Structure formats: C-alpha cells, structure tokens
Amino acid sequence: MTEEHKHICGSIVFKCIDFRLQNETKRWLSENNLSGDCDVVSIAGSSKGLSDDDSAVVRLLMEQLQISHDLHGSKEVVLIHHSDCGQYKKSYNFKDAEEEKLTQITDMKKSEEIIKKHFPDMSVKKVWAQMNDPEGKAVDFQIIE
Ligand SMILES: [Zn+2]
C-alpha cells in the first residue's frame, strides 16, 4: 500500500446494535473526540461473543480488529456495553440491574484480556452505558477501571 492511501484513525469501537442507544452514543463519541476518528463495529451484545468464546463472533471481531489495527493504525479499542441489553437477557435471568451491570463488566474485562493478548500494542477502554429511561433518551456513560 502506498502512503497516500493510508488512512489513520485512533480507535475502534465495539458497541451493541441496539437502536435506542444510537443518539446518545453518538453524543458521547463526539464529546470524547472520537467522532470521525474511530472505526465502529456494531454487534448484538457488543463484545459478549468474544468473552463467551463464541467462535463465529470471535472470528468476526478479531478480523475487524486486525483490519482496523493494520489498515487504520488504531491504537485503542473502546468497548461499550449497556444496561437492559437484549442479547444479555437472552442468556441470563438477572435478579436486578446491578447484577446485569457486574456480569457485563466481568465480560468486558475478559474481552480486554483476549484483545491485549492478540494486540499487545493496543489499549482497551471499557465503557458502561446506563440507560436512564427505556427509550434511551438519556444515557450516562461511565469509564470502567
Ligand atoms: Zn444490547
């Protein structure tokens, strides 16, 4: 590839397909200077299939990571998971919202380990999107350490 065809961006974002989160996610990406500087992968449950070791999803997500890393020089992976996620509710019967959040945070940490093993030069940012209403009109985004 010649240099003039090389396009660089900072990050690759994994987020859920859920339409209710789209407007607020767009706002958060913009506020964090990621708009126009990130590749975006939308898949039900975000990185859930990666932490679950679902081979089809692992293959798909790893391929997207490889392309973003090699072609766009991405240095950071942003995992966005959200409350009231249909893909999680398919697999679990959470007793409350806190249990759902903790389960998803554990999964994001697992995904982080997997990503760092394959892409040691990439950093991983874990983000929890807490919906304040069922329609997703207001969402609070929290960085998970
Ligand atoms: Zn979801």
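To start, this report covers the structure provided alongside it. The shown structure was predicted, so the numbers you read here are calculated from the model rather than taken from an experiment. (Residues numbered from 1 in each chain as written. Predicted model: local features only at pLDDT ≥ 70, side-chain atom pairs only at ≥ 80, totals over all residues.)

Moving on to the overall build of the protein chain. Counting secondary structure elements, the protein chain contains five helices and five strands. When the helices and strands of the protein chain are listed from N to C terminus, the series reads β-α-β-α-α-β-α-α-β-β. A compact globule built from 145 residues would reach a C-alpha radius of gyration of about 15 Å, and the protein chain, at 15 Å, matches this within 12%. Once the C-alpha set of the protein chain is aligned to its principal axes, its extents read approximately 55 × 30 × 25 Å. Buried residues in the protein chain amount to 30% of all 145 residues. (Helix = DSSP H or I, 4+ residues; strand = E, 2+ residues; numbered from the N terminus. Rg over C-alpha atoms; globule rule 2.2 N^0.38 Å. Buried ≥ 20, exposed ≤ 12 C-beta atoms within 10 Å, placed from the backbone.)

Before going further, it helps to examine the sheet that holds strand S2 (residues 38–42). What the five strands build is an open sheet, ordered S2-S1-S3-S4-S5; its pairing is mixed. Each edge of the open sheet is held by one strand with a lone partner, namely S2 and strand S5 (139–144). Across the sheet, the mean angle separating the axes of adjacent strands is 20° when strand polarity is ignored. Looking at chain direction, strand S3 (residues 76–82) and strand S4 (residues 123–131) are connected through seven bridges and run parallel. (Pairing = 2+ DSSP bridges. Axes fitted to C-alpha atoms, helices over the stretch in contact; angles between N-to-C directions.)

Let's shift gears to helix H3 (residues 55–72). Taking 1.5 Å of rise per residue, the 18 residues of H3 would be expected to cover 26 Å, and the 25 Å separating its terminal C-alpha atoms lies within 8% of that figure. Every buried residue belonging to H3 is among Leu61, Leu65 and Ser68, and all of these are buried. Projected down its long axis, H3 shows its buried positions confined to an angular sector of 65°, all on one face. With respect to the buried face of H3, the exposed residues turned more than 90 degrees away are Ser55, Ala56, Arg59, Glu63, Gln66 and Asp70. Looking at the buried side of H3, the elements it contacts are strand S1 (11–15), S2, helix H2 (48–51), S3 and helix H5 (97–118). One or two positions beyond H3, positive phi appears at Gly73, with a value near 65°. (Expected span 1.5 Å × (residues − 1). Arc of directions from axis to C-beta. Contact = placed C-beta atoms within 7 Å.)

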